[in-house]
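So the chains spell out like this:
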Amino acid sequence: MRKLILIPLLLVAILLSSCDEPFSPKGKYLERYALFGIMRADTNLQVVTVTKSYDVEGLNPYANKKDPFIKNCFIRIWRGNDEVHILRDSATVRNIDKRYSDSAHFYYTNNFTPQKGDELSIECLLPNGRRLKATTKVIQPIEIDYSGTDLEIPVTDKKFAQVKWRSSVEDLVYSPQVELYYDKAVNGRWELHTVKVPMKYAVINGHKTPIWPSPSHRNYVQIDTVVVGQILKSISEGDPNKSHYRIRALIFSIYIYDRNLSAFYSSSKKIGDEFSVRVDERDFTNIDGGFGVFGSYTEKKTAILFTEKYIRSFGYVPLKTF
Amino acid sequence: MKKNNLIKILLLVILTFAFQSCDKQLSVSPPMSPVPVGFIHIDSRPSGALIYEDGRNSGMRTPASLNWLEEKTYLFTLKKELYRDTSFTVTITEGDSEYIFVDYYKNPWMRGTIYCNTNTTGASIYLNDSLLQEKTPLKIKGLIPGTYRVKYSKAGFRTDSTTAIVHSGKVADAVVSLTDTTYWVDFNTRTSQIPDNSITAIKVDDNNVKWIGTLEKGLVAYDDKNWTFYNSSNSPLPGNTVTTIYIDKTNRVWVGTLSGAAVLDHGSWEVFTTENCPLPTNIINDIDVQDDGTYWLATRMGLLKHSNGFGWYFYDSLKSGLPHRWVTSIAHDDLGNMWIGSNGFGLAKLTPDGEWKVYLNYMKLGTKYEKAPFPSNIVSRIETYKNEVWIGFNPDPTTRIGGLVRYRQGRWYTHYNPLPSHIIFSIDLQTNTQNGMLRKWISTYQGLVTFVDFSDRIEYRRVNTPLNVENFHGVAFDKKTGYVWVATYGGGLYKLKKKF
């Protein structure tokens, strides 16, 4: 009977002590590689970065001060089978991520402009013999949907000006950007100027904060016409010579991410607010042999003009041809 | 017994907990495959062949090493410009190192052929400056692909050359039409130092130097050995478009351009433009110099004369007897008359006494006007010999015909038809002929005509000469050889090796 009493005690002891081992959220460090290459159809300069995973003491990944960039990679980008571009390495002043003290390294080619419909492939041979490979297809540009696009500002019966577009491919991510183009007379000569226009202003923590268009699946962008008026007014603030300003148009630049880039953006973007993360967050990669993304984007521009009366209401000179 | 069973069951439960309760699931990255270590080095002769790996351009050229290759069979293709593609397969195994060398030169299939031929058979062939035993026509086989210079020479023909690009397995043509220099020797930008193939004027001076005016490259002097170039950059010559050349009795070289006139007086230049003399325009159409040194500059806005002791005198159509201010050509005869051609108002004569006579092809009231049997009233060229005047006419909008007219001792002679063209650019009179008779050379838009008597005339055109143009702008006569130097517009200069 005394033995029987010992058994539950043993059971409790095992339950409480046999699994009692220190838990660390860090796994065993494994060296992994990531390639990021976003091909731009609006320039002949293409940039690729290759990095490796790193380990830190403790749990703060930002404790790492050593740039994880991998040097001496042999990177090639193909368009079809015959055209190949071998990327060279370079470095520039680091102005985004200041935690690394040395220059920002990258690989580039300045002789390659992807065209719509191009099938591109990339191969990166790492110094240790491993290869990172990926393919992507440059997306066809979108078409502006003029049935849902305003042609002039001011617009009637609405508080916003809208540009809408359509694409033959679904689930793409679009990143719009809006700029005001205007000329300013300097020493008797007209100089072209641009200023970025937010979608609207919001009051956050008591401060008037611009809300910029962000990448999304939406196939339209709307700009508050009151904001446009404020921007128009601000360009000549303090300058009594309003006739020294010639207003051209509101230029909408829509950057269209290809499938890979859209999937990567969708998988990595935050939702809700800046304090929330997706609990089902997962890494997207199309890099065979590593992580990262190899994608492309194209650009489509369109303009919304201003009525002459509207421009003159600010004292400016309208310019409809540009 | 029951108690023992209970103990056994409890022990089993404990053991199960002991072995299973700590069985935790961990998420780990998939293991990475081992790094392939295959290696191949590919070289070729000649080097620089582009390496295709499994049908895709690797971006590398021979010699090159390809590292870290996977274990498999690769299809490599070497592509080199001018050569056939060379393909081969290589099976890479773990830790294997392969060395491939492709010698293009040893492969007879890589060789090519040049077909050498000339318009006249039996020309000697130089291949990259090495004289071959054989003569044209010839097929040179077994050549390594590349660029070859093929030169041909044959007595009586101008030595000429071409380049042939040999590809593997193909025949490259190196066919050249050699210029027959038995009679005609060509001087153009390809065969000589002459800077422009459009020659606008030519004259030979007393030292037998050929003075050549060009459309865009100024004035050129050629003494049968050396070429000397005068243009607005390296000399006082006011412009590079030469319109006329005149050699005076003292062997001075007068040059008219679209930017003024100049005279080269035994090494010294004097320039005449609107800035330093009463020229109404810098566009000079013609120049004439009389034996007493009086010189005349004909322009499209009047006629300017300079005589020693009197200085400048300007003739225009309002204040003088000049019938039209657009003066196309001017010449003096042995009687001291000045013959002045106009662009639309016929021919004028200014006597040494200062009297004007104007000849038109229609009747016009006035004592100074006289009707003459002209084909038109546009005078293109006037040339004089003693008291004989030769006048070339271009078609005017009314008659649409041009032609040649001679004036001698008050009579007009018009039986100089047909000419190859109605457009006459130049009349040149040759006195140093073998029989001492005056030979006339008429340069037209579509051929060159020469005659002593018009019935025995010779026409030089593309069909009966090696010339590739028919647009003639004048001839001049070599004082040593008696040969004729022929100016063409577009074809350069020719020497006609024939004595007349």
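Analysis parameters
Residues numbered from 1 in each chain as written. Chains lettered and ligands numbered in written order. Predicted model: local features only at pLDDT ≥ 70, side-chain atom pairs only at ≥ 80, totals over all residues. Helix = DSSP H or I, 4+ residues; strand = E, 2+ residues; numbered from the N terminus. Buried ≥ 20, exposed ≤ 12 C-beta atoms within 10 Å, placed from the backbone. Contact = placed C-beta atoms within 7 Å. Pairing = 2+ DSSP bridges. Axes fitted to C-alpha atoms, helices over the stretch in contact; angles between N-to-C directions. Arc of directions from axis to C-beta. pLDDT = per-residue confidence, 0-100.

Caption draft 1: Representation of the overall build of chain B within the structure. A tally of helices and strands in chain B yields one helix and 43 strands. Split into buried and exposed, the 500 residues of chain B put 34% on the buried side. Counting contacts in chain B only where the partners sit at least 6 residues apart, residues at least 24 apart contribute 45% of the total.

Caption draft 2: Spotlight on the overall build of chain A. The number of helices and strands found in chain A is four helices and 19 strands. The proportion of buried residues among the 322 residues of chain A is 23%. Sequence-distant contacts, at least 24 apart, represent 66% of the contacts inside chain A between residues at least 6 apart.

Caption draft 3: Molecular detail of the sheet that holds strand 9 (residues 143–144) of chain A. Residue and element names in this part refer to chain A. The antiparallel open sheet is built from three strands, whose spatial order is 9-11-16. Pairing within the sheet leaves two strands with one partner each, and these edge strands are strand 9 and strand 16 (220–224). In this fold helix 2 (residues 225–234) packs onto strand 11 (160–166) and strand 16, with an angle of close to 60 degrees to the strand it touches most, strand 16.

Caption draft 4: Structural view of the pairing of strand 7 (residues 97–103) of chain B. All names here are of chain B. Burial within strand 7 is sparse, with just zero of its seven residues counted as buried. Taken together, the seven bridges between strand 1 (residues 38–45) and strand 7 define a ladder with parallel strand orientation. Its bridge partner lying in strand 7, Asp43 is registered against Phe101.

Caption draft 5: Quick look at the sheet that holds strand 7 (residues 119–125) of chain A. Residue and element names in this part refer to chain A. Reading across the sheet, the four strands line up as 4-3-7-8 and stay open at both edges, with antiparallel pairing between neighbours. Each edge of the open sheet carries a strand with a single partner, namely strand 4 (83–86) and strand 8 (131–137). Strand-to-strand twist of the sheet, defined as the mean angle between neighbouring strand axes without regard to direction, takes the value 15 degrees. Taken together, the six bridges between strand 3 (residues 74–79) and strand 7 define a ladder with antiparallel strand orientation. What sits directly across from Ile75, in strand 7, is Cys124.

Caption draft 6: Spotlight on unusual backbone geometry. With omega at 0 degrees, the peptide bond leading from Arg45 of chain B into Pro46 of chain B counts as cis. Within the element layout of this structure, Pro46 of chain B appears in the loop between strand 1 and strand 2 (50–53). Here Thr62 of chain B and Pro63 of chain B are connected by a cis peptide whose omega angle stands at -5 degrees. Here Pro63 of chain B is to be found in the loop between strand 3 (56–61) and strand 4 (64–69). Even without being a glycine, Asn72 of chain A presents a positive backbone phi close to 65 degrees.

Caption draft 7: Examining the pairing of strand 21 (residues 253–257) of chain B more closely. Residues and elements named next belong to chain B. Of all five residues making up strand 21, five are buried, and the element is well covered by its neighbours. In the sheet, strand 20 (residues 242–247) pairs with strand 21 via five bridges, with the strands oriented antiparallel. Opposite Ile247, over in strand 21, you have Val253 as the bridge partner. What sits between strand 20 and strand 21 in their antiparallel hairpin is a turn of five residues, with Asn251 showing a positive phi close to 70 degrees.

Caption draft 8: Geometry of the environment of Gly129 of chain A. Assignment of secondary structure puts Gly129 of chain A in the loop between strand 7 and strand 8. A tally of 14 C-beta atoms within 10 Å means that Gly129 of chain A is categorised as partly exposed. Through-space distance from the C-alpha of Gly129 of chain A to that of Cys73 of chain A is 9.5 Å; in sequence the pair is 56 residues apart. Not counting the four nearest positions on each side in its chain, Gly129 of chain A is found in contact with Val35, Pro36, Val37, Asn67 and Trp68 of chain B.

Caption draft 9: Seen up close, helix 2 of chain A. Residues and elements named next belong to chain A. If you check which residues of helix 2 are buried, you get Val227, Val228, Ile231 and Leu232. All buried residues of helix 2 project into a common sector of 140 degrees when viewed along the axis, lining one side. Pointing more than 90 degrees away from the buried face of helix 2 are the exposed residues Val226, Lys233 and Ser234.

Caption draft 10: Broad picture of the confidence of the model for chain A. Per-residue confidence for chain A gives a mean pLDDT of 86, with 86% of residues at or over 70. Confidence drops under pLDDT 50 across residues 270–281 of chain A; counting only partners more than four residues distant or on other chains, this segment forms four contacts.

Caption draft 11: Looking closely at helix 3 (residues 259–268) of chain A. Within helix 3 of chain A, the full set of buried residues consists of Asn260, Leu261, Ser262 and Phe264 of chain A. Next to the buried residues of helix 3 of chain A lie strand 1 (33–40), strand 8, strand 17 (245–257) and strand 18 (291–306) of chain A.

Caption draft 12: How the structure looks around the confidence of the model for chain B. With 94% of its residues at a pLDDT of 70 or more, chain B shows a mean pLDDT of 92. With a pTM of 0.63, the predicted complex shows an ipTM of 0.77.

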